[in-house]
Amino acid sequence: MTYDIKIFNEIAAEGLQRFDQAHYTFNAGKTPDAILLRSQKLHDYTFPESVLAVARAGAGTNNIPVERCTEQGIVVFNTPGANANAVKELVLANLLLSVRPILAGANWVNSLTGDNIEEQVEANKKTFAGNELEGKKLGVIGLGAIGSMIANDAYRLGMDVSGYDPFVSVDTAWNISRRVKRVLDLDELLADSDFITIHVPLTEKNHHLIGADELAKMKNSAVLLNFARGELVDSQAVIRAIDNGQLKSYITDFAEPDLLRHDKIIVLPHLGASTSEAETNCAKMAASTLKTYLETGNIKCSVNFPAVEMVFRVPYRIAIINRNVPNLIGAVTSTVAEKGYNIDNLSNRSRGDFAYTLLDINDLTAEQAQSLVDDIRQLDNVVRVRAIKHPTLEEA
Ligand SMILES: NC(=O)c1ccc[n+]([C@@H]2O[C@H](COP(=O)([O-])OP(=O)(O)OC[C@H]3O[C@@H](n4cnc5c(N)ncnc54)[C@H](O)[C@@H]3O)[C@@H](O)[C@H]2O)c1
Ligand SMILES: O=C(O)[C@H](O)COP(=O)(O)O
């Protein structure tokens, strides 16, 4: 069996190397089996019927029409936490840059001429004096992979840290230092913080999470950092707040044109995940989850289908994506029984309106597996079904 992967964006070689050349091609034709990408926007993309999965080498999946994929039975993966450290370090760097005019000082030194540079430096360095982060209040909105790391490290830098995340996962909650104060009301965090940093996904609900009302609740001296997504913040409201003296400054990783060339706004070119370590981590994780799904049907780290992992020990396995309605499994097992086959192993999980089933039957031949797939495909509410050949086991 060979698979073709359509690749958008630059994906780190260490990830691509996970696809062995004997079984994988890249961008070979118009009917790819899967898509591997970073920030390429797919909202206007028509997915060929052949596409089984989309893997996002990164965290945010707002560039992918996830609901449309789900309806088409396309499993969407991301790489939770794989670039979190890179974003954390960039946010910490920007916190430091926001309190000390480091770049302005360095640029000024470079402009000096004459034979008394040391004297000029000592006489004028007061122009570039700054402040310290220690003892200042940091509010973190979203305590997931990135927010939790920033909260912990900012505390270690001596900051007084509060975090707001009504939906925090149990796993992440375990990693957050008990010194980080959990705030249940966003307004409290907005009013109290000297620095506010946002680390939530862009969803319909989170669009303009920070707008004019929220900005009005912040201290006039507050610094707002956004390394999550541009659309989480109402940029026009930010510009107005800064120009009216209601907000000190805004630092963002998202280059919205109106934000450029403002002396109290720093705009970076979406650099959060751009370290070789993060790019490698994301590419490796995305490649592994995609390869596992294509070759075994097992699902891990999907944003639209449940995690299902079942040991694969038969020559052919059947993987079914269906609407989550009563008696679907009954209809599938009856179809299997009508053919006189015995089920060796079965795993079924649902997530919202959809469900996923892996079905192992001993000793199916390729022809029998295909005929079973054809029959299951006829059942109501089945969205997609495929037979997966075991990578090494041969039929009896
Ligand atoms: N600048 C970059 O290059 C870069 C890199 C990585 C991630 N990101 C962005 O950062 C986002 C977060 O990444 P992550 O890895 O921490 O994701 P994550 O899923 O681990 O964490 C997101 C957290 O936000 C919380 N959340 C959701 N809505 C919220 C709300 N309204 N208020 C408070 N908390 C809320 C969730 O409960 C979750 O704990 C990504 O979705 C992506 O958009 C940007
Ligand atoms: O959501 C993410 O992981 C980041 O925005 C990184 O995007 P990139 O892979 O395009 O740098």
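Cut-offs and rules
- Residues numbered from 1 in each chain as written.
- Chains lettered and ligands numbered in written order.
- Predicted model: local features only at pLDDT ≥ 70, side-chain atom pairs only at ≥ 80, totals over all residues.
- UniProt positions renumbered as here; feature names shortened; annotations may be inferred.
- Near = placed C-beta within 6 Å.
- Helix = DSSP H or I, 4+ residues; strand = E, 2+ residues; numbered from the N terminus.
- Domains from an automatic or database assignment.
- Core = buried A, V, L, I, M, F, W, Y, C linked by C-beta atoms within 7 Å.
- Buried ≥ 20, exposed ≤ 12 C-beta atoms within 10 Å, placed from the backbone.
- Contact = placed C-beta atoms within 7 Å.
- Pairing = 2+ DSSP bridges.
- Axes fitted to C-alpha atoms, helices over the stretch in contact; angles between N-to-C directions.

By the naming in an unreviewed UniProt entry, the chain is D-3-phosphoglycerate dehydrogenase, taken from Vagococcus acidifermentans. Taken from UniProt, the Pathway (unreviewed entry) comment for the chain reads in full: "Amino-acid biosynthesis; L-serine biosynthesis; L-serine from 3-phospho-D-glycerate: step 1/3." The Function (unreviewed entry) comment attached to the chain in UniProt states, word for word, "Catalyzes the reversible oxidation of 3-phospho-D-glycerate to 3-phosphonooxypyruvate, the first step of the phosphorylated L-serine biosynthesis pathway. Also catalyzes the reversible oxidation of 2-hydroxyglutarate to 2-oxoglutarate."

1. Observations regarding the site of ligand 1
The environment of ligand 1 is made up of 32 residues, and the closest members are Gly60, Gly142, Gly144, Phe167 and Gly272. Of all the secondary-structure elements, those providing two or more residues to the shell around ligand 1 are helix 3 (84-99) and helix 6 (145-156). The biggest single contributor to the shell around ligand 1 is helix 6, with three residues. Mapped onto the domain boundaries, the shell around ligand 1 takes at least three residues apiece from domain 1 (1-83 + 273-305) and domain 2 (85-95 + 134-267).

2. Some thoughts on the nonpolar core
In terms of nonpolar packing, the biggest core is built from 102 residues, with Ala34, Leu36, Ala53, Ala286 and Leu290 touching the most fellow members. No other element matches the nine residues that helix 11 (residues 276-296) contributes to this core. Residues contacting leucine 290, with those up to four places away along its chain left out, are Ala34, Leu36, Ala53, Ala55 and Phe77.

3. Focus on the sheet that holds strand 1 (residues 3-7)
Spatially, the five strands line up as an open sheet ordered 2-1-3-4-5, and their pairing is parallel. Two strands in the sheet have a free side with no partner beyond their single neighbour: strand 2 (24-26) and strand 5 (75-77). Ignoring strand direction, the axes of neighbouring strands in this sheet form an average angle of 20°. As paired elements, strand 1 and strand 2 share three bridges and run parallel to each other. Across the sheet, residue aspartate 4 finds its bridge partner in strand 2, namely threonine 25.

4. With respect to the environment of aspartate 194
Turning to its location among the elements, aspartate 194 is positioned in the loop between helix 8 (186-192) and strand 9 (195-198). Linking aspartate 194 and glycine 139, residues 55 residues apart in sequence, is a C-alpha distance of 7.7 Å. Ignoring anything within four residues of it in the chain, the contact list for aspartate 194 reads Lys136, Lys137, Lys219, Ser221 and Ala222.

5. Brief notes about the domain arrangement of the chain
Under the domain assignment, the chain is made up of domain 1 (1-83 + 273-305), domain 2 (85-95 + 134-267) and domain 3 (306-396). Relative to domain 2, the C-alpha centre of domain 1 lies at a distance of 29 Å. The interface is formed by nine residues belonging to domain 1 together with seven residues belonging to domain 2.

6. With respect to the sheet that holds strand 15 (residues 354-361)
Read from one edge of the open sheet, four strands run 14-15-13-16, paired in antiparallel fashion. Every other strand in the sheet has two partners, leaving strand 14 (343-351) and strand 16 (382-389) as the edge strands with one partner each. For this sheet the average axis-to-axis angle between neighbouring strands, irrespective of direction, equals 15°. Pairing of strand 13 (residues 316-323) with strand 15, which is carried by seven bridges, proceeds in the antiparallel orientation. What sits directly across from isoleucine 321, in strand 15, is tyrosine 356. Running at roughly 25° to strand 15, helix 12 (residues 328-338) makes contact with strand 13, strand 14 and strand 15 of the sheet.

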